[in-house]
Amino acid sequence: MDQSEQSSENRNGIGRRSFVTGALATAAAGAAGGPLWGTGPAHAAPSLVSAAGRNVAVFGAGMGGLSAAHELAERGFQVTVYERRTLGGKSRSIPVPGTGTGGRQDLPGEHGFRFFPGFYQNLPHTMSRIPFGSGTVRDNLVPASLEVIAYKGKELRIPIPGDIGGALTPDAIRDYLNAALVAVSTVPLSQIQFFVSKLVAFITSGPRRRLGQWENMGFADFVKASLMSPEYRELLVHMFTASLVAAQPDKANTRTMGLMFEALIYSGLGLGPYGPPDQVLNGPSSDVWLTPWINHLTGMGVQFKVGWTATGFDYSGGRITGVRVTDPTGAAGTVTADHYVAALPVERLQPLLTTAMKAADPALARLDRLETDWMNGVMIYLKEPRPIANGHLIYAATPWALTSISQAQFWRGDFAAKYGDGTVTDCLSLDLSDWNTPGILFGKTAKQCTRPQIVQEVLAQVRSALPGGAALLPDSIVSSWFVDPAITGEGTPAVANEEPLLINTAGSWADRPAATTRIPNLFLAADYVRNSINLATMEGGNEAGRMAANAILDASGSSAAKARLFELYVPNEFRLLHDTDDARYLLGLPNKFDVFSPYWPGR
């Protein structure tokens, strides 16, 4: 389902028509008929409109800021993007300085590997409008696999993609999931069936129950993790929360995790508009995506000012009158524009908000309730190719919740010929998602370890999880390594993370703002903005940028067509089930399919 514009209530599933309430969804302005931006040739740009009242200052050049700039520039707005560090935010490549010799590029590093699940829709739509060679950046996405789990020296495979073998029904989903998870044979069958029953209860839950009940329940409570076996907690609970989204299962809310499970299931079944369950780029993200994007935006007139740091807002008469900044030399000044987009991470926006701004919009005051955690990259450069899996690999039960991908198999060209000193043939790119649990080698958390210790511990955990791990990844083939430079002061009490990740705790939706604020010329474009994917992701940042752009179109009185907003797929077969469940929820009854230890609303 894609709409040009929707109210925040409808976009999050509680405004859809119900036979109980009879409430009608807000019609999406411009959704029916008329051209939609981005559906024509990728190289085409619309004619410019008047610049009066159309000057936009965007602060932050991550996913939200670049996406907002893209949508506005296509519609003739004059956009300037201010970025304190590097264009691209967490998605950028981070070359390892001084490692390239003989005309080769420096070894590629990153904040964490890129993962484009099939249920991403907004971001791929943007990528399809960025020229690259004779095609577009979207052509640089290639399918991978998301089925391999390494667990205590064994390899487990979940059948993805799958097939339910008939009509889409709750029973068919249950049978498919039971059969798939039996592949994880170390979990007792009765516990697999319990876990699946809870997932089916979520999938058949209506939007009111999702927001009113599951949003406010921790995922670990929802699946009763504390009552189950260690294998259940390791393979079905902790692996999917900590490893995939860097969230602790006792903190992550059920609605967020349920949406992720649901989207992965539908993508794995090939349902709706979704693509392959796992997609990756065929080269470093800056080379095959971000640099072409920035060049495309520059060609449309977007100006980029790197090294400029926002230090505060000037607020008067109910509006932003300017943003105080320092330039690359440290000189102070003030940026003025008609419209201001704060595309800054939540931890950087909070200190800039004044008491008066928070009073004008209480949603801004609630930002300090949001929580972040750490999910950062570690790269191991290898002298021999090691395509351990043909996609992303989850190392279940590792204390640091590790996941990895072997990059060279997906990248175009000869890795050794393009990068480093000619001896490096592969990069095992890992995400380290739990920085607070002691490891198996030094008995320290990742925060307590030095950089070399982090690498040694990561290798030890990977080897312990993989079948024949010690022989597969011996020290003799390790050429060098790289730890995300966002981590500073590691191994000391002053350890810090320059780029943490938002986590959705129970009830946090109420504390997350919309892209439009009550300050009429201030807009938000970051992954903490309420969005349909409901998770801190590149997709969520892109969607927030689109929403901010649409809000500016409204504020400026522009007649340009709105940016498309894609929502997560909802099967038509389940819509009546969802309405029926919302009726049960309003009557204080549990979900019909929540048969094992059901949860009653409000209890």
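Structure's up top.
Residues numbered from 1 in each chain as written. Predicted model: local features only at pLDDT ≥ 70, side-chain atom pairs only at ≥ 80, totals over all residues. Heavy atoms only, no water.

Attention now moves to the overall build of the protein chain. Helix and strand content of the protein chain: 18 helices and 25 strands. For 603 residues, the compact-globule estimate of 2.2 N^0.38 gives 25 Å, and the C-alpha radius of gyration of the protein chain, at 24 Å, lies within 12% of that figure. Its C-alpha atoms give the protein chain principal-axis dimensions of about 70 × 65 × 50 Å. Looking at the protein chain as a whole, 58% of its 603 residues are labelled buried. Contacts in the protein chain between residues far apart in sequence, at least 24 positions, make up 71% of those at least 6 positions apart. (Helix = DSSP H or I, 4+ residues; strand = E, 2+ residues; numbered from the N terminus. Rg over C-alpha atoms; globule rule 2.2 N^0.38 Å. Buried < 20%, exposed > 50% of the residue type's maximum accessible area, 1.4 Å probe, protein only. Contact = heavy atoms within 4.5 Å.)

As a further point, take the sheet that holds strand S24 (residues 522-524). In space, the 5 strands of this open sheet follow the order S10-S3-S2-S14-S24, with parallel pairing throughout. With one partner strand each, in any of the chains shown, strand S10 (303-306) and S24 form the two edges of the open sheet. Neighbour to neighbour, the strand axes of the sheet diverge by 20° on average, direction disregarded. Alignment of strand S2 (residues 55-59) against strand S3 (residues 78-83), held across 5 bridges, turns out to be parallel. (Pairing = 2+ DSSP bridges. Axes fitted to C-alpha atoms, helices over the stretch in contact; angles between N-to-C directions.)

What follows concerns the sheet that holds strand S12 (residues 319-326). Spatially, the 3 strands line up as an open sheet ordered S11-S12-S13, and their pairing is antiparallel. Of all strands in the sheet, those bounded by a partner on one side alone are strand S11 (309-316) and strand S13 (332-335). Here the strands of the sheet are splayed against their neighbours by 30° on average, with no regard to which way each runs. Bridge count between S11 and S12: 7 bridges; the pairing is antiparallel.

If you look at the biggest cluster of nonpolar residues, it comprises 130 residues, and the most contacted ones within it are Phe59, Ile173, Phe195, Trp289 and Tyr528. Beyond its immediate chain neighbours, meaning those up to four positions away, Trp289 contacts Met63, Ser91, Arg114, Phe116, Leu123, Met127, Ile130, Val137, Leu281 and Met538. Grouped together as the second largest cluster of nonpolar side chains are 31 residues, Ala150, Ala389, Leu432 and Val458 included. (Core = buried A, V, L, I, M, F, W, Y, C linked by side-chain atoms within 4.5 Å.)

Looking now at empty space enclosed by the protein. Under the defined criterion, the tally for this structure stands at 5 cavities of 30 Å³ or more. Taken as a whole, the largest cavity spans an internal volume of roughly 370 Å³. Along the walls of the largest cavity sit 21 residues, with Ile158, Ile160, Phe240, Phe261 and Leu264 positioned nearest its centre. Residues that form the lining of the largest cavity fall into these classes: 18 nonpolar, 2 polar and 1 charged. Taken together, Glu110, Phe113, Arg114, Val280, Leu281, Gly283, Pro284, Ser285, Ile405, Gln407 and Trp411 make up the full set of residues lining the second largest cavity. (1 Å grid on protein atoms, 1.4 Å probe; cavity = no way out; pocket = protein on both sides within 12 Å on 5 of 7 lines; lining within 4 Å. Points joined across faces, edges and corners; volume = space filled by probe spheres on them. Nonpolar A, V, L, I, M, F, W, Y, C, P; charged D, E, K, R; others polar.)

Our next topic: helix H2 (residues 63-74). Residues lying three or four places apart along an α-helix face the same way, a consequence of the helix completing one turn every 3.6 residues. With 12 residues, H2 extends 17 Å between its outermost C-alpha atoms, agreeing within 8% with the 16 Å of an ideal straight helix rising 1.5 Å per residue. Buried residues dominate H2, accounting for 12 of its 12 residues. Listed in full, the buried residues belonging to H2 are Met63, Gly64, Gly65, Leu66, Ser67, Ala68, Ala69, His70, Glu71, Leu72, Ala73 and Glu74. As for H2, its buried residues are in contact with S2, S3, helix H3 (122-127), helix H10 (285-299), S10 and helix H17 (538-556). (Expected span 1.5 Å × (residues − 1).)

Here the focus is the environment of Ala252. Tracing the sequence through the fold places Ala252 in the loop between helix H8 (230-245) and helix H9 (254-268). In the structure, Ala252 is positioned 242 residues away from Ala494 in sequence and 27 Å away in space, judged by C-alpha atoms.

Our next topic: the pairing of strand S8 (residues 154-157). With 4 bridges connecting them, strand S7 (residues 145-151) and S8 associate as antiparallel partners. Residue Ala150 lies in a different strand from S8, and its bridge partner there is Glu155. The turn joining S7 and S8, which pair antiparallel and follow one another in sequence, is formed by 2 residues; a positive phi near 50° is taken by Lys152.

Scanning all chains against the criterion turns up 25 salt bridges. Across the pair Glu71 and Arg75 runs a salt bridge, and its minimum N-O distance is 3.1 Å. Judged by its relative accessible area of 2%, Glu71 is buried. Relative accessible area serves as the criterion here: at 2%, Arg75 is assigned to the buried category. For Arg85, the salt bridge goes to Glu499, with nearest N and O atoms at 3.7 Å. In this pair, Arg85 sits in the loop between S3 and H3 while Glu499 sits in the loop between strand S22 (496-497) and strand S23 (501-503), placing the two residues 414 residues apart along the sequence. Of the residues examined, Arg85 reaches a relative accessible area of 30% and is grouped as partly exposed. Taking the relative accessible area as the measure of exposure, Glu499 reaches 11% and is therefore buried. (Salt bridge = Lys/Arg side-chain N within 4 Å of Asp/Glu carboxyl O.)

All we've got here are geometric facts, nothing functional implied.
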